[in-house]
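# What the coordinates show
The chain contents come next:
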Amino acid sequence: MVLVIGLIALSMTIRMQPLEYGWELDGMDSFYNYRVLNYLEANGLQSYLEWQDDKVWYPEGRNISATSQVAFHVLSAILYQPFGDAPAASNNLLDFTTYEFAIIFPVMIGGATTAVMYGIGSKLRDWRAGLFCAFFFTVSVPILVRGMAGWFRSEPFGLFLGLLALFLFISAVRNNNDGLVETWRNKSWLKLLAGGVVMAFAVSAWGGALFFIIPILIFMLSEGIRRKKHTILYAYFTVIAVAVSSMFERSTLQWDDFGGLGLLFGTVVSCMFVRVSRKISIVFIVFIVALIAVLFILFYGTELGTEHGLNTRYVNAVLPSFDRNPIVESISEHTHNNVMNVFSHTIFLIPLTVIGAIYAIKKRDSMAGIALAVGVVGVFVGFNYIRLEMFLS
């Protein structure tokens, strides 16, 4: 426990380094989110949901709740309450102004995420693995670049929620190996429900959190192919995640969008595999799943898919050769990553990646399977898209 607290303190200390040069927000998006935080504090949630900002996007103005990360804005405003300087809050921990809170927010979230990373490593293996996970998160350059003091943007908070949802899912998976009856008794289904709710908020807070769904979906399908009966319980996670996402005006995890539809479809298929006769070759099943996945991606990688609300930024992270929108392509952080950039940021992780992948393949259990899925997806997505470079770590 002392080591974990020390890593949390180290994580926050590193992220506070920019404060040596003054308490300032970093970049345009941080100022926009700060302005929204002020609006929420002054006018409340209902007014925020109805806010048509006439100071931008002339002449129509901007529908804030339909074009912003609602979960990030609302939850950050809630978290501000114990620390704020509002006159009615005389028992606040610190008298932070909204500006000061916005600056220090990524530091606090970074410390919380370090604790979550320890939990994930502990569940996947043991406390030693948890310490390694927390340490590498603490010092990882791609994560630090988008999580220092002043970076009041969606990535740190969305990453925290996405990893918290993954932790809850892994906790449920670890308990599910005891069978359906024992799984019901040990309440792991509650963890699946809680993980689904948190994942819905994560995707609303940061669109990049959607890529946490891919390793979870791969794991579900692998468990279904191996005909593990407890695979059916993973439907709890899927249903609640998609249902809660429907509360938000902007979320790619809704049932009629590519994220929600893919998760629902994959869960149904994995549950069907549990009931498939053992006489059917697993190779044939894998082939059918791969064919369906390719057709799904190709559909959403066309203009027809784009017309159905597809965000071309995220398609390009999965399909690097996808013909992108010129406006999206003009933004520097939407470009492809390069080998030298990846090596300079993650050189110390590369040997450990190879060792971990070999170990997971040899281990061949549920925990090793989900760790391998998370690692492979993270490397692929982070290598293809600079904005998602955080997943490399």
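Residues numbered from 1 in each chain as written. Predicted model: local features only at pLDDT ≥ 70, side-chain atom pairs only at ≥ 80, totals over all residues. Heavy atoms only, no water.

### Details of the packing of helix 6 (residues 98-124) against helix 7 (residues 127-139)
Test applied: As a rule, the C-alpha atoms of each element are fitted with a line to give its axis, helices using only the stretch in contact, and angles between N-to-C directions run from 0 to 180 degrees. Strands here mean DSSP runs of E at least two residues long; helices mean DSSP runs of H or I at least four residues long; both are numbered from the N terminus. If you view the pair so one helix is near and one far, a crossing is left-handed when the near helix is turned anticlockwise from the far one by less than a right angle, and right-handed when it is turned clockwise. Contacts: residue pairs with any heavy atoms within 4.5 Å of one another. Residues are grouped as follows: Ala, Val, Leu, Ile, Met, Phe, Trp, Tyr, Cys and Pro are nonpolar; Asp, Glu, Lys and Arg are charged; all remaining types, including Gly, are polar.
Helix 7 packs onto helix 6 with a crossing angle of 145 degrees between their chain directions and a minimal axis gap of 6 Å. Classified by chirality, the crossing of helix 7 by helix 6 is right-handed. Residues Gly110, Thr113, Thr114, Met117, Tyr118, Gly121 and Ser122 of helix 6 form the contact with helix 7, whose participating residues are Trp127, Ala129, Gly130, Leu131, Cys133, Ala134, Phe137 and Thr138. In terms of residue class, the contact of helix 6 with helix 7 is built from eight nonpolar, seven polar and no charged.

### With respect to the pattern of salt bridges
Test applied: Any carboxyl oxygen of Asp or Glu that lies within 4 Å of a side-chain nitrogen of Lys or Arg is treated as forming a salt bridge with it. Note on classification: 1.4 Å probe, protein chains only; a residue is buried when its accessible area is under 20% of the maximum for its type, exposed when over 50%, partly exposed between these limits.
Following the criterion strictly, the structure yields three salt bridges and no others. Here arginine 128 makes a salt bridge to aspartate 126, at a shortest N to O gap of 3.4 Å. A salt bridge links arginine 146 to glutamate 155, with the shortest nitrogen-to-oxygen separation between them at 2.7 Å. Each member of the pair, arginine 146 as well as glutamate 155, carries the same accessibility label: buried.

### Describing the confidence of the model for the chain
Rules: The score called pLDDT rates the predictor's confidence residue by residue, from a low of 0 to a high of 100.
Counting all residues, the mean pLDDT for the chain is 78, and 74% of those residues have values of 70 or more. In the model, residues 303-309 has pLDDT below 50 throughout and makes eleven contacts with residues more than four positions away in sequence or in other chains.

### As for empty space enclosed by the protein
Condition: Using a 1 Å grid laid over the protein atoms alone, points where a 1.4 Å probe fits but cannot get out form a cavity; open sets with protein on both sides within 12 Å along at least 5 of 7 lines form a pocket; any residue with an atom within 4 Å of a point counts as lining. Grid points are joined across faces, edges and corners, and a volume is the space filled by probe spheres set on the points.
Applying the stated criterion across every chain yields a total of one cavity of 30 Å³ or more. What the largest cavity holds in volume is close to 60 Å³. Considering the residues around the largest cavity, the lining is formed by Arg15, Pro106, Ile109, Gly110, Thr113, Phe137, Ile143, Arg146, Gly147, Pro156, Leu159 and Met390. For the lining of the largest cavity, the secondary structure elements donating two or more residues are helix 6 and helix 9 (154-176).

### What to know about unusual backbone geometry
For the bond running from tyrosine 58 to proline 59, omega is 5 degrees, close enough to zero to count as cis. Within the secondary structure, proline 59 sits in the loop between strand 1 (52-53) and strand 2 (62-63). At tryptophan 57, a residue that is not glycine, the phi angle is positive and equals roughly 50 degrees. Counting through the fold element by element, tryptophan 57 comes out in the loop between strand 1 and strand 2. Accessibility expressed as a relative area gives 49% for tryptophan 57, which makes it partly exposed.

### A few points about helix 20 (residues 350-363)
Put simply, the rule is: One fewer than the residue count of a helix, multiplied by 1.5 Å, yields its expected span.
With 14 residues, helix 20 extends 20 Å between its outermost C-alpha atoms, agreeing within 8% with the 20 Å of an ideal straight helix rising 1.5 Å per residue. Looking one or two residues beyond helix 20, the residue adopting positive phi is arginine 364, at roughly 60 degrees.

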